[in-house]
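# An overview of the molecular structure
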Amino acid sequence: MIERFPALVRASGRRSLEARSVPPLRGRAATPAAGPARTAPAPRAPLAALAVLAAIAALAAGCMVGPNYQRPPATAPAAFKEPPPAGWKTAQPRDELPRGKWWEIFGDAQLDALEEQVAVSNQSIAQAEAQFRAARAAVGVTRGGLFPTVTAGASATRSRGGAARGGTGAGSTGTSGTGSGSSGAPVATTTTTSTTNFFQIPLDVSYEVDLWGRVRRLIEAGVATAQASAGDLEAIRLSLQAELATDYFQLHGLDAEKQLLATTAGAYQKALELTTNRYNQGIASGVDVAQAQTQLETTRAQAIDLGVQRAQFEHAIAVLTGKAPAELSIPPAPIAVKPPPVPVVLPSELLERRPDVAASERRMAAANAQIGVQVAAYYPTLSLTASGGFENNKLADLFTWPSRFWSLGASAVETLFNGGARRAATEEAKANYDAAVAAYRQNVLTAFQDVEDNLSALRILEEEETQQSIAVAAAEKSLSLSNYRYQGGIATYLEVITAQALALADERTAVDLLTRRMTASVNLVKALGGGWRDTDLPPATAILSRR
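Residues numbered from 1 in each chain as written. Predicted model: local features only at pLDDT ≥ 70, side-chain atom pairs only at ≥ 80, totals over all residues. Heavy atoms only, no water.

## A closer look at the overall build of the protein chain
- For the protein chain, the count of helices and strands is 10 helices and 8 strands.
- Per-residue burial for the protein chain yields a buried fraction of 39% across its 547 residues.
- Expressed as a percentage of contacts within the protein chain between residues at least 6 apart in sequence, the contacts between residues at least 24 apart total 84%.
- Surface summary for the protein chain: the accessible area is close to 29100 Å², and the carbon and sulfur share equals 57%. (Helix = DSSP H or I, 4+ residues; strand = E, 2+ residues; numbered from the N terminus. Buried < 20%, exposed > 50% of the residue type's maximum accessible area, 1.4 Å probe, protein only. Contact = heavy atoms within 4.5 Å. Areas by Shrake-Rupley, 256 points an atom, 1.4 Å probe, with all protein chains shown as cover.)

## With respect to the packing of helix H5 (residues 286–320) against helix H9 (residues 493–527)
- Put simply, H5 and H9 touch, their axes get as near as 9 Å, and they point 15° apart. One way to sum up the angle between H5 and H9 is to call them roughly parallel. In the crossing of H5 with H9, the sense of the turn from one axis to the other is right-handed. Where H5 approaches H9, its residues Asp 288, Gln 291, Ala 292, Gln 295, Thr 299, Gln 302 and Leu 306 are matched on the opposing element by Tyr 493, Leu 494, Ile 497, Gln 500, Ala 501, Leu 504 and Arg 508.
- When the residues that make up the contact of H5 with H9 are grouped by side-chain class, the tally is 7 nonpolar, 5 polar and 2 charged. (Axes fitted to C-alpha atoms, helices over the stretch in contact; angles between N-to-C directions. Parallel < 35°, antiparallel > 145°, perpendicular 65-115°, else oblique. Left-handed = near helix turned anticlockwise from the far one by under 90°. Nonpolar A, V, L, I, M, F, W, Y, C, P; charged D, E, K, R; others polar.)

## Some details on the packing of helix H8 (residues 421–487) against H9
- The geometry of H8 relative to H9 is characterised by a closest axis approach of 8 Å and an angle of 160° between their N-to-C directions. The angle between H8 and H9 places the two elements in the roughly antiparallel class. In this structure, H8 crosses over H9, and the sense of that crossing is left-handed.
- Looking at the contact of H8 with H9 residue by residue, the class counts come to 21 nonpolar, 9 polar and 11 charged.

## Description of the pattern of salt bridges
- Summed over the entire model, instances satisfying the criterion amount to 22 salt bridges.
- Among the charged side chains, a network of salt bridges with common partners joins Arg 71, Glu 361 and Arg 362. (Salt bridge = Lys/Arg side-chain N within 4 Å of Asp/Glu carboxyl O.)

## Details of the packing of aromatic side chains
- Using the criterion set out here, one finds 7 aromatic pairs in the structure.
- With a centroid separation of 5.7 Å and 75° between ring planes, the pair formed by Tyr 248 and Phe 249 is classed as edge-to-face.
- Arranged with centres 5.8 Å apart and planes meeting at 55°, the rings of Phe 390 and Phe 399 form a pair that is tilted.
- On the basis of relative accessibility, which here comes to 58%, the residue Phe 399 falls in the exposed class.
- Aromatic ring contacts, followed pair by pair, group Phe 106, Tyr 248 and Phe 249 into a single cluster.
- The ring of Tyr 486 carries the charged tip of Arg 278 above its face, separated from the ring centre by 4.5 Å. (Phe/Tyr/Trp six-rings, centres within 6.5 Å; stacked < 30°, edge-to-face > 60°. Lys NZ or Arg CZ within 6 Å of the ring centre and 35° of its normal.)

## Some points on the nonpolar core
- Counting 85 residues, the largest nonpolar core has Trp 102, Leu 111, Phe 249, Ile 317, Leu 350 and Val 451 as its most contacted members.
- Contributing elements (two or more residues each) for this core: helix H2 (109–121), helix H3 (123–143), helix H4 (214–280), H5, helix H7 (355–376), H8 and H9.
- For this core, the element with the most residues is H4, which contributes 19 residues.
- Contact partners of Ile 317, with chain neighbours within four places excluded, come to Leu 114, Leu 244, Asp 247, Tyr 248, Leu 251, Leu 328 and Ile 330. (Core = buried A, V, L, I, M, F, W, Y, C linked by side-chain atoms within 4.5 Å.)

## Considerations on the environment of Asp 512
- Structurally, Asp 512 is set in helix H9.
- When its relative accessible area of 35% is taken as the criterion, Asp 512 is described as partly exposed.

## Notes on the confidence of the model for the protein chain
- In the predicted model, the protein chain carries a mean pLDDT of 84, and the fraction of residues at 70 or more is 80%.
- Here strand S1 (residues 2–13) stands out as the least confident element of the protein chain, with mean pLDDT 41; H7 is the most confident, with 96.
- Per-residue pLDDT stays below 50 along residues 91–95; that stretch engages in 6 contacts with residues further than four places along the chain or on separate chains. (pLDDT = per-residue confidence, 0-100.)

## Side note on the side chain of Glu 452
- Structurally, the position occupied by Glu 452 is in helix H8.
- Despite its burial, Glu 452 pairs with no opposite charge; the closest candidate is Lys 81, at 7.2 Å N-O.
- Excluding its chain neighbours within four sequence positions, the residues that come into contact with Glu 452 are Phe 80, Lys 81 and Glu 82. (Lys, Arg positive; Asp, Glu negative; His and termini not counted.)

## Remarks on the environment of Leu 461
- Relative to the helices and strands, Leu 461 is located in helix H8.
- Considering only alpha carbons, one finds Leu 461 and Arg 517, 56 residues apart in sequence, at a separation of 6.4 Å.
- With near-sequence residues (within four places) excluded, Leu 461 lies in contact with Leu 513, Arg 516, Arg 517 and Ala 520.

## What about H3?
- Along its 21 residues, H3 runs 30 Å from first to last C-alpha, staying within 8% of the 30 Å computed at 1.5 Å per residue.
- Where H3 is concerned, the buried positions are Ile 125, Ala 128, Phe 132, Ala 135, Arg 136 and Val 139. The buried residues of H3 all sit within an arc of 90° when viewed along its axis, so they share a single face. Facing away from the buried side of H3, by more than 90 degrees, are the exposed residues Gln 123 and Val 141.
- Among the structural elements, H2, H4 and helix H10 (540–544) are those in contact with the buried residues of H3. (Expected span 1.5 Å × (residues − 1). Arc of directions from axis to C-beta.)

What follows is the structure, given as structure tokens:
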């Protein structure tokens, strides 16, 4: 670092009000000389220096190097490839999801109660919220660079000097003796020591003028980073709320499946009793009884196996609500609602409704501001300093006017050579910006994919459910006919078992389809942003004021 302009402005003084004054030295108080006192003229150097420094500081506010941020364009299709399911429509201004409580469209009171606990008690949300507060506080740290640093202190020193040859003085102690001079004649010698006091109360002010906007670009980057952190918080909140709703519907889907298996096991129990009676009457064989017993016990085992998955979903829901698994129990109940219509926005509006996309956009703005920070390194830094206070070697006279001192100064420093570090840092900042742009555009594409995936899933699952209901009806009819044929002695029990297995498989598939449709609805709401808007991000003024 080479100083090109080591001192632009410098003024200082220690001045007495007496006509004949001696500038006080550190360790010695100012002592007025004898004679009539008269007032010294007002010092002009400090006023001139202050005027120059004020003019320089005023010019600093109008210059910011580096590129100003412009949001890069992201391609958005005119419409989604997948049309909304039958009965749905494109969202109108009054058709938006409930702001912050999108789960209410499902009309499930227990789900509503669980979702309310996620926002309050989930530890991942608490962590993200703390990270946002940290990012907001970091802006305040950076903003402090716009203001001068003021320090004050107080010191007291008592010192004793070394021995000297010569006569004694005031405040000294001495010992006398004899010695020989250069002519050989004896001379008197005195050893002198002195003890002094020194008191000082300084006030120092230092300020690096943000002449090229380096600090303001840092603040700009910090504000954008804090807004990105706020977007991350909302994205995590939405993701966890959607995860809870998905787990909730999958849990109750298992309840519906277990209810189906219990009902089926009851029917198999009656079939076993019928087959046993026919065996006792000599109409059926022991093989038929064994087959009926196998069918019944297999179904009971399948019902028990569902308990593993249900327990895991219940434990996951407990953790999402900030509780230990032992503290939450959800009563068994099948899914009692159908997938509700979800207002689908236009693709051009989707970018304003996804908190993760908004967070990516804010990171682009932060990366752009960092380019300005690195460009500012090409220009000299201007520093202003001022100090003043009181100093004296007598405590009683410390706060007297002759004990004052002051100093004003300014300096500019320019880096002439640093081995290409500035250029490399600028290229790094530009590359980071390009990476942020690519990440933003990738998030935009992923957002469109999420919506298309769930729209297609809902459309296809709805068609499949219609077809599956026909298959269930056909399987039940086939089972009924097989039972009649078996009871009439026309068919073997193997035909009944086959029809039972097909009917159970079709009914389980129908139950699973409803669960999948519910989870696809939840995922579509999540893909559409859950009613969030980019206007929900905290504005820069709120971040700077730390509200």
